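Coordinate analysis (summary)
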Amino acid sequence: MRRLLHSSKTILLFLSISALFVLSSQNAYSSDAGCASAVPVYSGVPYSSNTSYYDRTVCSYGCSSWSEPGRDAVHSFTTSYIQSNITAALSNMSADLDVFILQNNQCDSSGCMAGDSSATYPYAPRGTHYIVVDGFYSAPVSNCEFTALGAEGPYTLTVTEQCIVAKSLTPGEVYSGE
């Protein structure tokens with residue numbers, strides 16, 4: 001907070017610094033996508049950012065055969081339903097980015113459920129799911145400890161959730177759980 005004096009009145013000016021959500025820096029690639037810094041996203045609400053703001057932590061995913069050594073933008077999404085289909089889609093990209101949905105409440109790229117420019121996790125259980133936007137690299141990579149850069153750039157991520165389990169109640173019936 002900074003105080004400015006003007007005409008014998010004190011005016012308070014609040015200065016804020018925009019925080020960039022930066023994944024933990026690592027010298028070596030790992031399967032931990034850095035979910036502690038995940039940026040939350042909400043169903044049907046587009047979120048725009050740029051992968052160049054983030055670090056490189058993950059190079060490959062268990063659900064894809066290609067390399068993703070670009071910078072990793074990690075998001076969290078909490079489902080509203082007992083079971084649902086979660087779809088994550090990218091748009092407004094200037095680079096070859098992909099989106100990956102990791103298993104429920106796990107921050108491990110080897111437990112990837114789906115990934116590509118759009119990904120759907122069918123029958124996802126209730127909970128928090130991590131969604132990673134990462135940059136593609138066209139050359140085959142056998143060891144992710146290299147200096148070649150994967151794609152990076154701006155993107156818009158839209159996550160949607162569709163309830164697939166519903167319980168019908170008859171009048172007077174009390175619902176007691178899942």
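As a starting point, this report considers the structure included with it. Computed from a predicted model, the values in this text were never measured in an experiment. (Residues numbered from 1 in each chain as written. Predicted model: local features only at pLDDT ≥ 70, side-chain atom pairs only at ≥ 80, totals over all residues. Heavy atoms only, no water.)

**A closer look at the pairing of strand E7 (residues 97-102)**
Burial analysis of E7 places six of its six residues in the buried class, which makes it a mostly covered element. Burial of E7 is two-sided: the residues Leu97, Val99 and Ile101 facing one way and the residues Asp98, Phe100 and Leu102 facing the other way are all buried. Sheet topology places E7 next to strand E10 (residues 128-135); five bridges connect them, and they run antiparallel. Looking at E10, one finds that aspartate 98 is bridged to aspartate 134. (Buried < 20%, exposed > 50% of the residue type's maximum accessible area, 1.4 Å probe, protein only. Helix = DSSP H or I, 4+ residues; strand = E, 2+ residues; numbered from the N terminus. Pairing = 2+ DSSP bridges.)

**A word on the sheet that holds strand E8 (residues 112-116)**
Pairing is mixed across the open sheet formed by five strands, whose spatial order is E3-E5-E10-E7-E8. On the outer flanks of this sheet lie strand E3 (39-40) and E8, each paired with one strand and no other.

**Comments concerning the side chain of glutamate 161**
Checked against the element boundaries, glutamate 161 lands in strand E11 (residues 154-163). Here glutamate 161 sits buried without a salt bridge, and the closest side chain of opposite charge, arginine 126, lies 7.6 Å off (N-O distance). Separated by 3.4 Å, the side chain of glutamate 161 and the backbone nitrogen of tyrosine 81 make a polar contact. (Lys, Arg positive; Asp, Glu negative; His and termini not counted. Salt bridge = Lys/Arg side-chain N within 4 Å of Asp/Glu carboxyl O. Polar contact = N/O pair within 3.5 Å; in protein donor to acceptor, adjacent residues only side chain to side chain.)

Interpretation in functional terms is not warranted from these geometric data alone.
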